[in-house]
Amino acid sequence: MMMNQDVIQEILSHCPATEIARFRLLNKECNKRSYELSFIDHHLHRANSVFGYFVHYEDKWFRYRTRFIPGIEDEQEDQEDKTSISLEFLPRNNTKIEACDTNHGILLCIGDRFKGVKTIPEYIVCKPATKQYRIIPNPKTRYRKIATGLMVISSNPFRYKIIRVSEPRNWMTKDGYYNNNCELFDSDSFTWKRLNGFELAEFFPREAIPVSAYSCLHWLTGKNNVIRFCMRTETWSIFSVPDELLGDKSLVLVSYEGKLGVSTLHSESRNGAELWVLENSYRKCWVKVKDAKVTALKDEYAQPLWFPSSDVVSVAASDRLGLYNMNNNICRYLHKEKLLFPFGYSPSYHLIPFYSNYDRVGLDKD
């Protein structure tokens, strides 16, 4: 006898996030309903988890400002302490968020350590929900950083990898390509290693936050190409966005139901913001999601940032952050302040989606 879908959802709401990923393979309906905001809200309360956004930017005094904005209101008074996520527990001053694994709540930060009259950077991997951290070795390459990405490879045993792209000594190759230095940190070996340089016919997107999907990290270039780094094979690849969007200069990469998506920033124009999802990772097959469309957003500066569920998209501008319900066209704002970060900063660069449970991980060895 087949179990009722509502019963399955109730069971799932008690499971940790790592187990939900397995249940999503049962059938399409189970997968779809597990991404609805009502289920996610229910699961956060049942499974002892937190969801929200880190806001981070550099102020005019060159100090890094970081704060956390809860994504879902908590009705339980005894849960208030769980929304007070911060980086104040870290041992270094002027801490900057360098990378994040959105689905596991693990951050890579860089803090200033004083050595005499000088300050030197110190790399720190941390889990803010449990206030755990570990200082890791600095990268061997001292060239200027272009982009950084972090991904948790396994939860038990806890393992993560970090990819760092930096400027080379010689920008151009003989064939006219831009060359990029690449280094990889593996928590198992606890060391950095050099990878083969990655050559591009265009600039690597600087300081962009990568989108995680299919065990890979993804960046969008200025020519609407998607750069992919596979953590399993430790190799690079590149492919284009859907042909229909090649000429669009307002695209942003997003995560949708665990898949890689690309969204336009238009809301009132062109019949609303569109979403395309990479259904087949290996064949590079893009499919337009008809049910996901932002059509009534009045704020012309707000842009789609992330799809925390299949029926809700987070939208952001420099002065506001909210959750837009695509079923009823209602946007609920998550904060009361007038300014999230200085006007003119791109939300996709300065807002980091964050989901985490309160289970401790292997970061207590310092």
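Here, the structure is the one placed above.
Keep in mind it's a predicted model, so treat the numbers as computed, not measured. (Residues numbered from 1 in each chain as written. Predicted model: local features only at pLDDT ≥ 70, side-chain atom pairs only at ≥ 80, totals over all residues. Heavy atoms only, no water.)

(A) Just the overall build of the protein, in detail. When its secondary structure is counted, the protein shows five helices and 23 strands. Looking at the protein residue by residue over its 366 residues, the buried ones come to 52%. Pairs at least 24 residues apart make up 49% of the contacts formed inside the protein by residues separated by at least 6 positions. In the structure as shown, the protein presents an accessible area of about 18,700 Å², 49% of it carried by carbon and sulfur atoms. (Helix = DSSP H or I, 4+ residues; strand = E, 2+ residues; numbered from the N terminus. Buried < 20%, exposed > 50% of the residue type's maximum accessible area, 1.4 Å probe, protein only. Contact = heavy atoms within 4.5 Å. Areas by Shrake-Rupley, 256 points an atom, 1.4 Å probe, with all protein chains shown as cover.)

(B) Spotlight on unusual backbone geometry. Put simply, Asn-156 and Pro-157 share a cis peptide bond, and its omega is 5°. With respect to the helices, strands and loops of the structure, Pro-157 is situated in the loop between β7 (145-155) and β8 (158-166). A positive phi is found at Tyr-214, a non-glycine position, where the angle reads about 55°. With respect to the helices and strands, the residue Tyr-214 is situated in the loop between β11 (211-213) and β12 (216-220).

(C) Quick peek at the pairing of strand β23 (residues 351-357). For β23, a buried count of six out of seven residues is recorded, marking the element as mostly surrounded by other parts of the structure. Two elements, strand β1 (residues 49-58) and β23, share seven bridges in a ladder whose sense is antiparallel. Within the sheet, the bridge partner assigned to Gly-52 lies in β23 and is Phe-354. (Pairing = 2+ DSSP bridges.)

(D) Molecular detail of helix α4 (residues 37-46). Of all the residues in α4, the buried ones are Leu-37, Phe-39, Ile-40, His-43 and Leu-44. On an axial view of α4, the arc spanned by its buried residues comes to 155°, and they lie on one face. Following α4 by one or two positions, Asn-48 has its phi on the positive side, about 60°. (Arc of directions from axis to C-beta.)

(E) Representation of the environment of Ser-34 in the model. Here Ser-34 lies in the loop between α3 (28-33) and α4. Overall, Ser-34 belongs to the buried group, its relative accessible area being 0%. Spatially, the C-alpha atom of Ser-34 lies 8.2 Å from that of Leu-12, the residues being 22 residues apart in sequence.

(F) Highlighting the nonpolar core. Tyr-53, Val-55, Leu-321, Leu-340 and Leu-351 are the most contacted members of the largest nonpolar core, which totals 19 residues. Elements with a minimum of two residues in this core: α4, β1, β19 (303-306), β20 (312-317), β21 (320-325) and β23. It is β1 that contributes the most residues to this core, four residues altogether. In terms of nonpolar packing, the next biggest core, distinct from the first, is built from 18 residues, Cys-182, Phe-204, Ala-208 and Trp-236 among them. (Core = buried A, V, L, I, M, F, W, Y, C linked by side-chain atoms within 4.5 Å.)

(G) Representation of the environment of Leu-321 in the model. Relative to the elements of secondary structure, Leu-321 occurs in strand β21. Under the relative-accessibility criterion, Leu-321 is labelled buried at 0%. In the structure, Leu-321 is positioned 11 residues away from Arg-332 in sequence and 8.6 Å away in space, judged by C-alpha atoms. Filtering out sequence-adjacent residues up to four positions away, Leu-321 remains in contact with Tyr-53, Ile-69, Val-315, Ala-316, Tyr-333, Leu-334, His-335, Leu-340 and Leu-351.

(H) Quick peek at the pairing of β20. Counted residue by residue, β20 has six buried out of six residues, so it is predominantly covered. Of the two faces of β20, the one carrying Val-312, Ser-314 and Ala-316 and the one carrying Val-313, Val-315 and Ala-317 are both buried. Across three bridges, the pairing between β19 and β20 is antiparallel. Bridge assignment links Pro-304 to a residue of β20, and that residue is Val-315. The hairpin turn running from β19 into β20, its antiparallel successor, is five residues long. Where β20 meets β21, six bridges bridge the pair, whose relative direction is antiparallel. Counterpart to Ala-317 in the pairing with β21 is Arg-320. Here β20 folds back onto β21, and the loop between the two strands holds two residues.

(I) Layout of the side chain of Asn-94. The topology assignment puts Asn-94 in strand β3 (residues 93-101). In terms of polar contacts, Asn-94 uses its side chain to reach the backbone amide nitrogen of Tyr-64, at 2.9 Å. A distance of 3.2 Å separates a polar atom in the side chain of Asn-94 from a polar atom in the side chain of Asp-112. In this view, Asn-94 contacts Phe-62, Arg-63, Tyr-64, Ile-110, Gly-111 and Asp-112; residues no more than four positions away in its chain are not counted. (Polar contact = N/O pair within 3.5 Å; in protein donor to acceptor, adjacent residues only side chain to side chain.)

(J) Structural view of the sheet that holds strand β4 (residues 106-115). With respect to topology, four strands assemble into an open sheet ordered β3-β4-β5-β6, the strand pairing being antiparallel. With one partner strand each, in any of the chains shown, β3 and β6 (132-136) form the two edges of the open sheet. On average, each strand axis in the sheet is inclined to that of its neighbour by 30°, with strand direction left out of account. (Axes fitted to C-alpha atoms, helices over the stretch in contact; angles between N-to-C directions.)

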